[in-house]
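Listed here are the chains, written in short residue letters.
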Amino acid sequence: MMSQDDLKRAVAKAAIEYVPADCIVGVGTGSTANFFIDELAKIRHKIRGAVASSEASAKRLQGHGIEVLSLNEAGDLPVYVDGADEITRHMHMVKGGGGALTREKIVAAASKKFICVCDASKLVDVLGKFPLPVEVIPMARSSVARQLAALGGQPKLREGYTTDNGNIILDVHGLQIMNPVELESALDHIAGVVTNGLFARRAADVLLLGTPEGVKTMTA
């Protein structure tokens, strides 16, 4: 029986096939992204470096001897590899369980191809079972929370957590997200919201899904 870690390791290995030689690669955050970083270390002599979507990923990359560049230095990236907390067959995702949603969204937007790597438990028909993270400027916490509640969600402060950007996260429970593109835009227009964990406007291009039968490749 394959463990969840075995499935994550398998998709991380499969994602290496999408990394062009002599490129700077965008790297996500979280447990599956960590397995990808470990695989990337095996081909580090073939790449020029990486752009990390969090301080944690940057440290792991550097620990493997991979040069970490800022996105400003690197420019547009050929590929970005990251996991998801939930993903649909339309390649729309909820991300940010690890708190790095803003930087993940920035790196994803600057990448020509977004490869999502996750195990089969993350594939859903409708987003929203996983609480939707929203990064908020601290002074706007209460007003944003009221507007999230007005949209039908139950916002809860992520206790004792500060993002790499110095902000707070409200995790929104109880949403059934039927129109992720519309909701993503609506949330981003609330004053005080930095960004939200819906990745629908910039969806994944390829999903590598770890299943007990092997890695399945899906595209939108």
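Provided above is the structure to which this section pertains.
Predicted, not measured: the structure shown is a model, and the values here were computed from it.

## Some words on the packing of aromatic side chains
So, step 1. For the coordinates displayed, the defined rule picks out one aromatic pair.
So, step 2. Ring geometry for Y80 and F114: centres 5.1 Å apart, planes at 65 degrees, overall edge-to-face. Remark: F114 occurs in strand β6 (residues 111–119) and Y80 occurs in strand β3 (residues 77–82); sequence separation between them is 34 residues. This pair shows no difference in class: Y80 is buried, exactly as F114 is.
So, step 3. The ring of F199 has K95 lying over it, and the distance from NZ or CZ to the ring centre is 5.4 Å.
So, step 4. The residue whose ring lies beneath K105 is F199, and the NZ or CZ to ring-centre distance is 5.1 Å.

## Here's the deal with the packing of helix α1 (residues 4–15) against helix α2 (residues 31–42)
So, step 1. Where α1 meets α2, the closest approach of the two axes is 8 Å, and the angle between their N-to-C directions is 50 degrees. Taken as axis vectors, α1 and α2 run oblique relative to one another. By crossing handedness, the relation of α1 to α2 is classed as right-handed. Contacts from D5, K8, R9, V11, A12, K13 and A15 of α1 reach α2 at S31, T32, F35, F36, E39 and K42.
So, step 2. Classifying every residue of the contact of α1 with α2 gives five nonpolar, two polar and six charged.

## A word on a nonpolar patch on the surface
So, step 1. Residues I137, M139 and V194 make up a contiguous nonpolar surface patch of about 310 Å² in total accessible area.
So, step 2. By the element assignment, M139 lies in the loop between β7 (132–136) and α6 (141–150).
So, step 3. Residue M139 is classed as exposed on the basis of its relative accessible area, which comes to 81%.

## A closer look at the sheet that holds strand β2 (residues 49–52)
The strands that make up a sheet are held in pairs by hydrogen bonds between backbone atoms, and each pair lies either parallel or antiparallel.
So, step 1. The six strands lie next to each other as β2-β1-β3-β6-β12-β13, forming an open sheet whose pairing is mixed. In this open sheet, the two strands that pair with only one neighbour each are β2 and β13 (214–219). Going across the sheet, the axis of each strand differs from the next one's by a mean of 25 degrees, ignoring polarity.
So, step 2. Both β6 and strand β12 (residues 206–211) contribute to a ladder of five bridges, which runs parallel. Each bridged residue has a counterpart across the sheet, and for V117 the counterpart in β12 is L208.
So, step 3. Here α2 sits on the sheet in contact with β1 (24–27), β3 and β6, set at roughly 155 degrees to β1.

## Some words on the nonpolar core
In globular proteins that are soluble, nonpolar side chains generally tend to be buried together.
So, step 1. Residues V19, V25, V27, F36, L40, L61 and L208 are the most contacted members of the largest nonpolar core, which totals 26 residues.
So, step 2. Taken together, the elements giving at least two residues each to this core come down to α1, β1, α2, β2, α3 (55–63), β3, β6 and β12.
So, step 3. Excluding anything up to four places from it in sequence, L61 contacts V27, I37, L40, A50, A52, I66 and V68.
So, step 4. Membership of the second largest hydrophobic core comes to 22 residues, among which are I24, L69, L77 and I87.

## Things to note about helix α7 (residues 180–188)
So, step 1. If you check which residues of α7 are buried, you get P180, L183, E184 and L187. One side of α7 holds all its buried residues, which, seen down the axis, span an arc of 105 degrees.
So, step 2. Tucked inside the fold, the buried residues of α7 contact α5 (101–109), β7, α6, β10 (193–196) and β11 (198–199).

## What to know about the side chain of K105
So, step 1. In this fold, K105 is placed in helix α5.
So, step 2. K105 gets classed as buried once you look at its relative accessible area, which sits at 14%.
So, step 3. For K105, the side chain forms a polar contact with the side chain of T195, separated by 3.5 Å.
So, step 4. Ignoring anything within four residues of it in the chain, the contact list for K105 reads E184, D188, T195, N196, L198 and F199.

Procedures and definitions
Residues numbered from 1 in each chain as written. Predicted model: local features only at pLDDT ≥ 70, side-chain atom pairs only at ≥ 80, totals over all residues. Heavy atoms only, no water. Phe/Tyr/Trp six-rings, centres within 6.5 Å; stacked < 30°, edge-to-face > 60°. Helix = DSSP H or I, 4+ residues; strand = E, 2+ residues; numbered from the N terminus. Buried < 20%, exposed > 50% of the residue type's maximum accessible area, 1.4 Å probe, protein only. Lys NZ or Arg CZ within 6 Å of the ring centre and 35° of its normal. Axes fitted to C-alpha atoms, helices over the stretch in contact; angles between N-to-C directions. Parallel < 35°, antiparallel > 145°, perpendicular 65-115°, else oblique. Left-handed = near helix turned anticlockwise from the far one by under 90°. Contact = heavy atoms within 4.5 Å. Nonpolar A, V, L, I, M, F, W, Y, C, P; charged D, E, K, R; others polar. Patch = residues over 30% accessible without salt bridge, like charges linked within 9 Å, V, L, I, M, F, W, Y side chains within 5 Å. Areas by Shrake-Rupley, 256 points an atom, 1.4 Å probe, with all protein chains shown as cover. Salt bridge = Lys/Arg side-chain N within 4 Å of Asp/Glu carboxyl O. Pairing = 2+ DSSP bridges. Core = buried A, V, L, I, M, F, W, Y, C linked by side-chain atoms within 4.5 Å. Arc of directions from axis to C-beta. Polar contact = N/O pair within 3.5 Å; in protein donor to acceptor, adjacent residues only side chain to side chain.

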